[in-house]
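# Observations on the three-dimensional arrangement
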Amino acid sequence: MIQDFIRNKNVLFAFGDPGGAKQVLSFATKYRNLFNSVVAVSDRIHPFYQDFDVNVEDFKSKTPQEWLSSTKVDLLVTGTSVPLSLEIILVSEASKHGVASMSFIDHWTNMAKRFRVADSLVLPDWICVIDDRARMLAIENELPAEKIWVTGNPYYEFLAAWKPKINHDDFLMDMGIPRDAKYVLYAPEPLSSFGLEKKYGFTELEGIHLIYEAMGRLLGDTIYIIIKGHSNQKHEIFLDYVAKQEVDHVLYFQTLDINTCSYYAECVFGFFSNSLVEAKILGRKVIRPLVLLRDGVDDSLEVMESSNFITTRSLVDLEIACRQIVIK
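Conventions we followed
- Residues numbered from 1 in each chain as written.
- Predicted model: local features only at pLDDT ≥ 70, side-chain atom pairs only at ≥ 80, totals over all residues.
- Heavy atoms only, no water.
- Phe/Tyr/Trp six-rings, centres within 6.5 Å; stacked < 30°, edge-to-face > 60°.
- Helix = DSSP H or I, 4+ residues; strand = E, 2+ residues; numbered from the N terminus.
- Buried < 20%, exposed > 50% of the residue type's maximum accessible area, 1.4 Å probe, protein only.
- Lys NZ or Arg CZ within 6 Å of the ring centre and 35° of its normal.
- Pairing = 2+ DSSP bridges.
- Axes fitted to C-alpha atoms, helices over the stretch in contact; angles between N-to-C directions.
- Contact = heavy atoms within 4.5 Å.
- Right-handed = clockwise from strand over helix to strand, strands pointing away.

### A closer look at the packing of aromatic side chains
All told, the structure shown has 21 aromatic pairs when counted by the stated rule. Taking 5.4 Å as the distance between ring centres and 90° as the angle between the ring planes, the aromatic pair formed by F5 and W149 counts as edge-to-face. Residue F5 is located in helix α1 (residues 2–6), and its partner W149 is located in strand β9 (residues 148–150); the two are separated by 144 residues in the primary sequence. Owing to a relative accessible area of 10%, W149 belongs among the buried residues under this scheme. Between F48 and Y49 the ring centres are 5.6 Å apart and the planes differ by 85°, which places this aromatic pair in the edge-to-face class. An aromatic cluster of at least three residues, connected via ring pairs, comprises Y186, Y200, F202, F238, Y252, F271 and F272. Against the face of W67 rests K62, its NZ or CZ located 4.5 Å from the ring centre.

### Some words on the sheet that holds strand β4 (residues 75–78)
Pairing within the open sheet is parallel, and its seven strands lie in the order β3-β2-β1-β4-β5-β8-β9. Each edge of the sheet is formed by a strand with only one pairing partner; in this case those strands are β3 (56–58) and β9. The mean inter-strand angle of the sheet, taken between neighbouring strand axes irrespective of direction, is 25°. Relative to the sheet, helix α2 (residues 18–30) contacts β1 (10–15), β3, β4 and β5 (100–104), its axis offset from that of β1 by approximately 160°. Here helix α4 (residues 86–96) sits on the sheet in contact with β1, β2 (37–42), β4 and β5, set at roughly 145° to β1.

### What to know about the pairing of β5
Of all five residues making up β5, four are buried, and the element is well covered by its neighbours. With four bridges connecting them, β4 and β5 associate as parallel partners. Paired with T78 across the two strands is S103, which belongs to β5. Each parallel crossover has a hand, and the one from β4 via α4 to β5 is right-handed. When β5 meets strand β8 (residues 126–129), the two strands line up parallel, connected through three bridges. Residue pairing for β8: S103 is matched across the bridge by I127.

### Notes on the pairing of strand β10 (residues 182–186)
β10 sits mainly inside the fold: four of its five residues count as buried. Pairing between β10 and strand β11 (residues 223–228): five bridges, direction parallel. Following the sheet pairing, V184 is matched in β11 by I225. Taken together, the two bridges between β10 and strand β13 (residues 267–269) define a ladder with parallel strand orientation. If you follow L185 over to β13, its bridge partner there is V268.

Quick look at the structure:
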């Protein structure tokens, strides 16, 4: 069905947040031979663009109307962002000019929030979700069922066959740690950037405090904690934290490639992010330190729990999980 819809179209791909960018670029790569022409735009620069054979142009260099008209676009394909970004602007503009549109949702959360402007929804012609559970949640969020397609996540297909372009030893050297070292990766959502501590009961800073305490004496000459900042992260939070540490085995990076970080990590820590799903696809063990999570808060990744996707709800359990990962 979707192949027939996109065949021979002049397509404008647009995305802001990394999750939407990866999904849309994977879709563009997978079906490239079906399109008549391809243009991709973003208001951000992400290091993973190099993984795809698609040139990404600066959205700010033209007006939304110019992007739609300059290449005779007859199909707009976007990601989705929270908070709202360029995608919603282009969806609105496409509707005014009779250009068909479809938007991808790469997760199971904030379904309607991705399209809400003030008290109304700005919707594309089609909303693409990753599975039947996402479709049900979208409908519960009052998105119209007739607009929803279950398309899967083409990025997961891409990631299953992905390998880093840099070898293990060189990657560790680039981070400034010894080649014989091990590291765990902390890849949190920027909860404090959006005031989400009111919802969840903690911030990303309290998360690293828990991880550091649980790792305890495991940290040493060959064991490191690497923190990878989200694109919406207020970086000074972690820069200040790292600067105050007495040992130099906790490092913060803003721009490292998250896939490479995950691929070579002993395990990946985080909370509710799609990066945890991606880490599992890459074969990494995932640990979620939800020790401080408020009771009754919806956990979209709870259904994924397994021996390789662990949720810890006490410091003791977190310490046990860390020890099993690092000492092996």
